[in-house]
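# Remarks on the overall topology
Take a look at the letters that make up each chain.
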Amino acid sequence: PYGDELIALAKHFPNVWVDLCWAWAINPASTAEFVRQFIHAVPVNKLFAFGGDTFFPTTAYAFTVQARRWLARALQDIVDAGGTARFLAGDVSRDADVRRLVDFALASFGGLDVIYNNAGISPGDDDTPVNTSEATWDLTFDVNVKGVWLMTKHVVPHMIARKKSSIANFSSIHGLTGGSNVPPY
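Please read these numbers as outputs of a predicted model, since none were measured by experiment.

### Here's the deal with the pattern of salt bridges
One pass over the full model with this rule turns up five salt bridges. Ionic pairing is found between Arg99 and Asp95, a salt bridge with its closest N-O pair at 2.7 Å. Taken together, the residues Arg99 and Asp95, both in helix α5 (residues 95–109) and four residues apart, mark about one turn of the helix. In this structure Arg99 comes out as partly exposed when scored by relative accessible area, which is 45%. Where salt bridges share partners, they join Glu33, Arg36 and Asp77 into one cluster.

### Considerations on the environment of Asn118
With respect to the element layout, Asn118 can be found in the loop between β3 (114–117) and α6 (134–162). For Asn118, a relative accessible area of 24% gives the class partly exposed.

### A closer look at the packing of aromatic side chains
With the rule as written, the count across this model stands at two aromatic pairs. Measuring from centroid to centroid gives 5.7 Å for Phe34 and Phe38, while their planes differ by 40°, and the two rings are tilted. Placement of the pair is Phe34 and Phe38 together in helix α3 (residues 28–41), with a separation of four residues, close to one helical turn. There is no split in this pair, since Phe34 and Phe38 are both buried. The interplanar angle of 20° and the centroid separation of 4.8 Å between the aromatic rings of Trp137 and Phe141 together place this pair among those described as stacked. Of the two residues, Trp137 and Phe141 are both situated in helix α6; the distance of four residues between them amounts to about one turn of the helix.

Each value, and the rule that gives it
Residues numbered from 1 in each chain as written. Predicted model: local features only at pLDDT ≥ 70, side-chain atom pairs only at ≥ 80, totals over all residues. Heavy atoms only, no water. Salt bridge = Lys/Arg side-chain N within 4 Å of Asp/Glu carboxyl O. Helix = DSSP H or I, 4+ residues; strand = E, 2+ residues; numbered from the N terminus. Buried < 20%, exposed > 50% of the residue type's maximum accessible area, 1.4 Å probe, protein only. Phe/Tyr/Trp six-rings, centres within 6.5 Å; stacked < 30°, edge-to-face > 60°.

Quick look at the structure:
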């Protein structure tokens, strides 16, 4: 009920962020409307689409999928109203793919104002530090860490040239606290 006030606080105060957390599960339609309004008023790096504060990885995954679906619907509504969207698949852990993605974005939009680093994986075979294979460890870090670095590396020169930018690095709750059941993640 206080969406407008929350948007104003996030817009005008540097220490205020919005964590939608359970909002998608409680009232997805209202949350989608809030997101549509938020995107037009506040830098997107101040919005957490899902907090991921669940105990079980399967529950966190389910809520993440739900948040992405509703966020996609909110963005689709913006596109349907005349906004613009483009799509190109790529692997954020591969330098050539990241360069191709950045070049595609520059050609499509004429510049980059925002980068949203949200790629992240937790392979099904990650385990304790003793039992996790090197291949699983490397794959997880290639996507979750190297991917953020590569995207940032290739967009920052363009952002500096424009003299305005926002970089949003998203993570699950495990970005703040470790998870004994998913150490590579």
